[in-house]
Amino acid sequence: MRAAVAPALGALGFVLFWQVAVWLRVADPVLLPAPAEAFRDTWQAFAGGTLAHDTWRTVQRTALSFAIATAIGVPLGVALGAQERLYRGVEFVVDFFRSTPASALFPLFLILFGPGEGTKVAVAAFGAALVILFNAAYGVINARRTRVLAARVMGASSARILRDVLVWEAMPQILVGMRAGVSLALVIVVVAEMFIGSTDGLGHRVINAQMLFESGLMYGAIFVAGALGYGLNLLFLMAEKRFVHWAGR
Amino acid sequence: MRLPPREAAINIRGLRKAFSGQPVYSGFDLDVRRGDILAIFGPNGCGKSTLINMAAGLLARDGGEILYDGREVGEVRIGYVFQNYREALFPWRRAADNVRYPLRLQGLPRAAAEARLEALAAMFRVRFDLNRYPYELSGGQQQLVSIMRALAVEPEVLFLDEPFSALDFETTLSLRALLQQVLKELRVTTILVSHDLEESIVLADRLLMLTRRPTTVAADVPVPLPWPRGTEVLSHPDFVAIKARCLSVFEQAVAA
C-alpha cells in the first residue's frame, strides 16, 4: 500500500503540472487540452468501443509477434549459446541487425509480406527475436562452469546437461530478454500501425486523432500505449521474480 | 607405495599434464587403497585440484593412465564435492531434488531413490527441511547437501575439493566430524584436497604431500590415529608428531 503512495503522488504532480501549463496557456488549447478534457474524450472513445478495439488490436499484434519471437529466439539462442564457437561466428550478424532500427526494415518487409497484417507482425517479431536470441545465447554462454561440471561428474550426457543445467542457468537472462523483447515488439507494432496501411490499433488512433485535431483523444491514446508498455514490463518483472526466484542467490 | 589392482581403488601410472607448455605432472604414479581416505596437501598451484579433476574425468590428461580397478573413469560411479557449494548445487531445485538428481540420472526407481534419500538424511542426522531451496539454507547446510548428492549414488570413489574452505570454523568442525563418521561407516574410498594441514591429518588414513611444479610426491605419510577422531585428537602426541613432520616436509617442498 505504502509502495503505491510515491508513484501516485508523482502521477498527481504530473497532472497538476499539465493543468498549470493549460492555465498559463503555454500552448494553443486545441493542441494542449486540459487533463479533464483529455480524460473525458478518452473515456468516451473507450465507452464507444473504438479505443478499446484499438487497444485490443495492438495487444493482439504485440502478443502474436512476441510469441513468434520467443518461439524462435529462445531455442535458437540456447542452441547457439551451447555452441559458443558457432555463436561467435554469427554474433556480428545478430549484433548488427539488433542495432539496426527496425523501422528501417519496413520497406523490405513490405516487399516480403505485403501491406497487410503480416508486415507489422513480422518486423516486430524480427526485432524482438534478435533481442531474445542474444540474451538466451549469453545466458547459456555465461552458465556457471561448476554446475556443468557437477552434472557431468554425475554422469549427465550433453543433451541432459543442456536440458537440466544450461537452460536453467540461462533462464534469468532469457526472461530479461523476453521483457526487453515484448517492449520492443510493442514499439514496433505501434509505429507500424501509424505508417503501414492500418485501420485500427493504438498507433493508428494516435496519428488519426492528431490529423483530425482530436487532441484529447490523441493524448488518451498515447497514455493507453504508455500504460500498455508499463504494464507489460511490470508483468514480466513479476514473472521473473516468481519463476527465477533463485536467480543470483 | 604400489598396490595390486585388487587392493587399490585407483591406480595412476605415468600421469602427464602441462598447462601452456609448463609441466605440472610428468610421469606421476599413485595408488589409493580401497576404503582409504587420502588427503592431498601441497603448496599453492602444485596441481592438487588438477590431479583430482583429471581423476574425475573433468579435465583431459596429456598422457599416462588413471584406472579404477582396471576401468576408465567413465565406467565408474564417482562422487565429487566442489569447494564452492553455491555454484555447484542447482539453485532451481530443492535440496532434496538436488540429492535425487544423480539417482534420476541413473534411472533408479522412485521408491529406491526415496529410500536412499532418507538413509542419507538419517546418516547425516539432517534436522533442516530438505524441501527448501539451497539459497534458504546456511552455508554448512548447503555443503552438507552437496556431500549427500555426491554420496547418493554410492560412489566407488569420492572426491572432495577443499570442501570446508568456504565455511566458518564452527561449521567446519561439526561437518568434518559428521563426514569422517559417514565415510568410515560406508568405507568409501575418498580423495580429499585441502589447504589445511590439520584438517588433512585429522580426516586422512594417508597424507600425500606434494612438491612445487613439476609435481612429485614430497612425502607419503600414513596417519594411523584411531577413529573416530574428535577435537581431542588434535593434542594426541602422535598427531602432534605427524603434524611436525609434515610441516617440515612442507617447508622444504616450498623452499625447493
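On a predicted model such as this, the values are computed, not experimentally measured, just so you know. (Residues numbered from 1 in each chain as written. Chains lettered and ligands numbered in written order. Predicted model: local features only at pLDDT ≥ 70, side-chain atom pairs only at ≥ 80, totals over all residues. Heavy atoms only, no water.)

A. Representation of the interface of chain B and chain A within the structure. Taken together, the contact pairs 20 residues of chain B with 21 residues of chain A. At the boundary of chain B with chain A, total buried surface from both sides reaches about 2,100 Å², with 66% on carbon and sulfur atoms. Contact with chain A buries surface across chain B, with B:Glu87, B:Trp92 and B:Tyr135 losing the most and accounting together for 35% of the total. Remark: the boundary between chain B and chain A carries one salt bridge. Among the salt bridges present, the one from B:Glu87 reaches A:Arg144, with a minimum N-O distance of 3.2 Å. For the interface between chain B and chain A, the tally reads seven residue pairs in polar contact (both at pLDDT 80 or more). When residues of the side of chain B that touches chain A are traced back to their parent elements, those giving at least two are strand S5 (78-81), helix H2 (85-88) and helix H3 (95-105) of chain B. Counting residues per element, the side of chain B that touches chain A draws most heavily on H3(B), at four residues. Residues of the side of chain B that touches chain A, tallied by class, amount to 15 nonpolar, no polar and five charged. (Contact = heavy atoms within 4.5 Å. Buried area = accessible area lost by both parts, 1.4 Å probe. Salt bridge = Lys/Arg side-chain N within 4 Å of Asp/Glu carboxyl O. Polar contact = N/O pair within 3.5 Å; in protein donor to acceptor, adjacent residues only side chain to side chain. Helix = DSSP H or I, 4+ residues; strand = E, 2+ residues; numbered from the N terminus. Nonpolar A, V, L, I, M, F, W, Y, C, P; charged D, E, K, R; others polar.)

B. Highlighting helix H4 (residues 110-123) of chain B. All names here are of chain B. With 14 residues, H4 should cover 20 Å at 1.5 Å per step; its first-to-last C-alpha distance of 20 Å lies within 8% of that length. Residues of H4 that are buried: Ala113, Arg116, Leu117, Leu120, Ala121 and Met123. For H4, the buried positions fall inside an angular range of 165 degrees around the axis, keeping them on one side. Away from its buried face by more than 90 degrees, H4 exposes Ala111, Glu118 and Ala122. Summarising the contacts, the buried residues of H4 are in contact with H3, helix H5 (139-152) and helix H6 (169-186). (Expected span 1.5 Å × (residues − 1). Buried < 20%, exposed > 50% of the residue type's maximum accessible area, 1.4 Å probe, protein only. Arc of directions from axis to C-beta.)

C. The layout of surface pockets, seen in detail. All names here are of chain A. The computed volume of the largest pocket comes to approximately 440 Å³. The wall of the largest pocket is formed by 17 residues, among which Val15, Trp18, Phe39, Phe223 and Val224 lie closest to the centre. Where the lining of the largest pocket is concerned, the elements lending two or more residues are helix H1 (5-23), helix H2 (35-48) and helix H10 (215-243). For the lining of the largest pocket, the class distribution of residues is 15 nonpolar, two polar and no charged. When residues of the lining of the largest pocket are sorted by domain, at least three fall in each of domain 1 (1-32) and domain 2 (37-243). (1 Å grid on protein atoms, 1.4 Å probe; cavity = no way out; pocket = protein on both sides within 12 Å on 5 of 7 lines; lining within 4 Å. Points joined across faces, edges and corners; volume = space filled by probe spheres on them. Domains from an automatic or database assignment.)

D. Focus on a nonpolar patch on the surface. Side chains of A:Leu16, A:Val20, A:Trp23, A:Leu24 and A:Val26 sit close together on the surface and give an oily, nonpolar patch of about 590 Å² of accessible area. Mapping A:Leu24 onto the fold places it in the loop between H1 and H2. (Patch = residues over 30% accessible without salt bridge, like charges linked within 9 Å, V, L, I, M, F, W, Y side chains within 5 Å. Areas by Shrake-Rupley, 256 points an atom, 1.4 Å probe, with all protein chains shown as cover.)

E. Structural view of the sheet that holds strand S4 (residues 63-67) of chain B. All names here are of chain B. Strand order in the open sheet formed by three strands is S2-S1-S4, and the pairing between neighbours is antiparallel. The outermost strands of the open sheet, each flanked by one partner alone, are strand S2 (22-33) and S4. Within the sheet, the average angular offset between the axes of one strand and its neighbour, ignoring direction, is 15 degrees. In terms of strand pairing, strand S1 (residues 8-19) meets S4 through four bridges, oriented antiparallel. Across the sheet, the residue bridging to Arg13 is Glu65, located in S4. (Pairing = 2+ DSSP bridges. Axes fitted to C-alpha atoms, helices over the stretch in contact; angles between N-to-C directions.)

F. Up close: the side chain of B:Arg93. In this fold, B:Arg93 is placed in the loop between H2 and H3. No salt bridge is formed by the buried B:Arg93; its nearest oppositely charged neighbour, A:Asp164, is found at 4.3 Å. Leave out the neighbours within four places in its chain, and B:Arg93 touches A:Asp164, B:Asn98, B:Tyr101, B:Arg104, B:Tyr133 and B:Pro134. (Lys, Arg positive; Asp, Glu negative; His and termini not counted.)

G. Representation of the nonpolar core. Counting residues in each nonpolar core, the largest one holds 94 residues, and the members touching the most others are B:Ile10, B:Phe28, B:Tyr68, B:Ile78 and B:Phe159. In terms of residues, this core owes the most to one element, helix H8 (residues 158-195) of chain A, which gives 14 residues. Lining this core are residues from two domains, each supplying at least three of them: domain 1 (1-32) and domain 2 (37-243) of chain A. Beyond its immediate chain neighbours, meaning those up to four positions away, B:Tyr68 contacts B:Ala9, B:Ile10, B:Ala55, B:Ala56, B:Val73, B:Val76, B:Ile78, B:Val157 and B:Phe159. Within the second largest apolar cluster, 55 residues are counted, among which are B:Ala96, B:Leu158, B:Leu175 and B:Val188. (Core = buried A, V, L, I, M, F, W, Y, C linked by side-chain atoms within 4.5 Å.)

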